[in-house]
Amino acid sequence: MEDTTPVTHDILILGAGTAGSLLANRLSEDPTLSILLLEAGQDHNRDERVYTPGLNTQLLDNRAFDWQYVSTPQPGLNGRTVKQPRGRVLGGSSAINSFALIYPSAAGLDAWADLGNEGWDWRGMKPYFRKFQTVCAPSETVRRELGLSHNDEGIRDTHGPLRACFPQVVYPRQKVWIETFRRLGLENRVEAMDGTALGGGISTCHIDGGTRERSHAGSAFFAPARERKNLRLVCGATVRRIVFEKGSDGLLRATGVKYTVEGIEYHVAVRKEVILAAGVFGSPQILELSGIGSPRILEEHGIDVVYANPNVGENLQDHMRAALLFEAADGVQFEPALPEAEARRLYETSLIGPWAERACHTFAYMPLQPFLSGEEKEDLRSVLDKHLIDPSLSPFEQKRNDFVRRMIDSPDEATATAYFALRPAPDPASKPMLALLSMLSHPLSRGTVHIRSADPFAKPTIDPGYYTHPLDLEMHARHMQSLEKLAQTEPLASLIKSGGARSPEGHDALTLERAKRLVQAHASTNYHPCGTCGMMPESIGGVVDARLKVYGTSNVRVVDASVMPIIPRGNIITTVYAMAEKAADITSQDLGIRRTT
């Protein structure tokens, strides 16, 4: 295969996922810059499985779109392994995920700044949550019947390439969700993007309200920049390593990157900067293959150490979810199931039906305190004292624990995200099940991602360490109990058949111990791994500084979910987009790039 890529570029971006595609768009606005974007996957922007919302279930665990990572056996999950889907496609995980746009808390981002990351607090990040997207105004019917928290001013303030929309059709269960939280005094009435949202509401999803197609980084950000003469995309490229030389200032300077396409190795030189956007598993892997990481790990695999930093690949965090499923009461109406041919016809001719709408909009930022009795609050206080107060903890752990305790103690902060969905009927004679799910927002457990060999084609070893911190199991079990209480609250309770079937069979959360067993037996990832190249001082566990520069280097940055020092409370994709927007501004400032946005 002949590669006509120029041998030298100003900027090399490694990974065309959520962050990489956005950066390629923003930085290539300066026509004087030459930018090369390397992507291991392929461009599937016009594959109907990617752009059709109703076909998204065909993407996960499909090797054409998904890296198909798998964790090591997890003791905290009774020895189970957990699949770790990550997008191996232009647009990355934004091209294969389940659409929901959920936002971090102001307090959560302020905790980032408290670790020494100036400018990464809520005030410094807030504008970027509006910059990356345009929220399509809802219909009057949707606005009236669902009482949306998004206000007109907040919607008008959005002006970015990504398209986000509200439900196209109002379903009775969505109205029931809102009314149930209203009865509890927990209906969210705050603008979803302002960092203080709390309680139940209706979220937007990254689906274009006009075309009814998935709006993702590959289509919203890369596609409009595709024809720029200064931007080139190479797909099917596996990065072997970054090539360094020692600068006069003592720092490593990246001089180029070696990569492979269809079995042929290439070397491309760089004038200004290498930006790693290979994701939570890929970015630490490339750093280790390039000689930056723990000497013990690198030497084990015969890699020369160019900069010793044992923090690379550490601090892995993820959100775990578990579900309670209930048989629906007689008379409950569901969206009609349509044959695939009819669903296709409706979508292709009228942009309606299940293929246009298959996304979850019923979410809640769940505090724990309102669901606890006085006795349960006292018991929880003792548990927190036991697990969070320890003078031997590192400075990072102390700051993190203080933050998590503030979130748990406050009735105005969410420590879980809940959502309400339908699960398909197990057989034609049955009805769908009503599913209540809880995702633990602020886990304390930490895992690792490290290379298993010097072969760049070998997937790294992923050990998320689920529930290795005992407070995580305790907190998740208590949030599962809050779902039991939610299920007993009207009008949601009226949708559930009294004495009806439940799932997982033999499990419930009616006592704390039973809830713990349920979580260990059935919890799984909510697909939000992050943290393996943490942004914080190197002395307390960092890999990159507040300018996202890799410690020990002068011209390598990391811009993806791996730099998150503490996992945000909700689905992390909104934070990844906002981080990438901020990173584009930081990079432009540092390099003197002239941009139009």
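Because the structure is a prediction, the values reported are computed rather than measured.

Student: Break down the UniProt feature "domain: Glucose-methanol-choline oxidoreductase N-terminal" (unreviewed entry) in the chain for me, with residues and values.
Tutor: As annotated in UniProt, the feature "domain: Glucose-methanol-choline oxidoreductase N-terminal" (unreviewed entry) corresponds to residues 10-320 in the numbering used here. Taken as a whole, residues 10-320 contains 27% helix and 23% strand, while its terminal C-alpha atoms sit 40 Å from one another.

Student: Go over helix H11 (residues 340-350) with me, naming the residues and quoting the values.
Tutor: Buried residues of H11: Ala-343, Leu-346 and Tyr-347, and no others. On an axial view of H11, the arc spanned by its buried residues comes to 95°, and they lie on one face. Among the exposed residues of H11, those oriented more than 90 degrees off its buried face are Ala-341, Glu-348 and Thr-349. Next to the buried residues of H11 lie helix H2 (48-51) and helix H12 (354-357). At the C-terminal side of H11, Leu-351 shows a positive phi close to 55°.

Student: Describe in detail the UniProt feature "domain: Glucose-methanol-choline oxidoreductase C-terminal" (unreviewed entry) in the chain, supporting the description with residues and values.
Tutor: The positions that UniProt labels "domain: Glucose-methanol-choline oxidoreductase C-terminal" (unreviewed entry) are, in the present scheme, residues 443-580. Note that residues 443-580 is 27% helix and 9% strand, and that its end C-alpha atoms are spaced 24 Å apart.

Student: Outline the pairing of strand S18 (residues 416-423), listing residues and values.
Tutor: Burial runs high along S18: six of the eight residues are buried. Two elements, strand S17 (residues 362-366) and S18, share four bridges in a ladder whose sense is antiparallel. In the sheet register, Phe-363 faces S18, and the bridge partner there is Tyr-419. One ladder, built from eight bridges, connects S18 with strand S19 (residues 433-440); its direction is antiparallel.

Student: Before we move on, could you go through the packing of aromatic side chains and cite the residues and values that matter?
Tutor: Applying the stated criterion to the full structure yields eleven aromatic pairs. Seen in terms of ring centroids, Tyr-69 and Phe-281 are 4.9 Å apart; in terms of plane orientation they differ by 75°. Their pairing is edge-to-face. Placement of the pair is Tyr-69 in strand S3 (residues 69-70) and Phe-281 in helix H9 (residues 279-289), with a sequence separation of 212 residues. Residue classification places Phe-281 among the buried residues on the basis of a relative accessible area of 1%. With a centroid separation of 5.1 Å and 25° between ring planes, the pair formed by Phe-363 and Tyr-419 is classed as stacked. Of this pair, Phe-363 sits in strand S17 while Tyr-419 is found in strand S18, placing the two residues 56 residues apart along the sequence. In this pair, the class of Phe-363 matches that of Tyr-419, namely buried. Taken together, the aromatic side chains of Trp-67, Tyr-69 and Phe-281 make up a single cluster linked through ring pairs. Here the basic side chain of Arg-88 rests over the ring of Trp-67, its NZ or CZ set 4.3 Å away from the ring centre. Between Arg-569 and the ring centre of Tyr-365, over which it is positioned, the NZ or CZ distance is 3.8 Å.

Student: How would you sum up the pairing of S17? Please name residues and give values.
Tutor: Counting buried positions along S17 yields five of five residues, so the element is predominantly enclosed. Both faces of S17 are covered, namely the face carrying Thr-362, Ala-364 and Met-366 and the face carrying Phe-363 and Tyr-365. With four bridges connecting them, strand S8 (residues 199-202) and S17 associate as antiparallel partners. Bridge pairing in S17 links Gly-200 to Ala-364.

Student: Account for helix H16 (residues 512-522), naming residues and giving values.
Tutor: Buried residues of H16: Ala-515, Lys-516, Leu-518 and Val-519, and no others. On an axial view of H16, the arc spanned by its buried residues comes to 160°, and they lie on one face. Of the surrounding secondary structure, the elements contacted by the buried residues of H16 are strand S16 (320-327) and helix H15 (470-487).

Student: Break down the environment of Ser-392 for me, with residues and values.
Tutor: Summarising the element assignment, Ser-392 is placed in the loop between helix H13 (374-388) and helix H14 (395-409). We classify Ser-392 as exposed; its relative accessible area is 61%. A distance of 2.7 Å separates the side chain of Ser-392 from the side chain of Asp-390, its partner in a polar contact.

Student: If you had to explain the side chain of Ser-203 to someone new, which residues and values would you point to?
Tutor: Mapped onto the elements, Ser-203 comes out in the loop between S8 and strand S9 (204-205). Those residues in contact with Ser-203, other than ones at most four positions away along the chain, are Leu-101, Ile-102, Cys-165, Pro-167, Cys-360, His-361 and Phe-363.

Student: Kindly report on the environment of Ala-137, identifying the contributing residues and their values.
Tutor: Positionally, Ala-137 belongs in the loop between strand S6 (133-135) and helix H5 (140-146). By relative accessible area, Ala-137 is classed as exposed at 57%. On a C-alpha basis, the gap between Ala-137 and Gln-58 in space is 29 Å, while along the polypeptide they are 79 residues apart.

Parameters and conventions
- Residues numbered from 1 in each chain as written.
- Predicted model: local features only at pLDDT ≥ 70, side-chain atom pairs only at ≥ 80, totals over all residues.
- Heavy atoms only, no water.
- UniProt positions renumbered as here; feature names shortened; annotations may be inferred.
- Helix = DSSP H or I, 4+ residues; strand = E, 2+ residues; numbered from the N terminus.
- Buried < 20%, exposed > 50% of the residue type's maximum accessible area, 1.4 Å probe, protein only.
- Arc of directions from axis to C-beta.
- Contact = heavy atoms within 4.5 Å.
- Pairing = 2+ DSSP bridges.
- Phe/Tyr/Trp six-rings, centres within 6.5 Å; stacked < 30°, edge-to-face > 60°.
- Lys NZ or Arg CZ within 6 Å of the ring centre and 35° of its normal.
- Polar contact = N/O pair within 3.5 Å; in protein donor to acceptor, adjacent residues only side chain to side chain.

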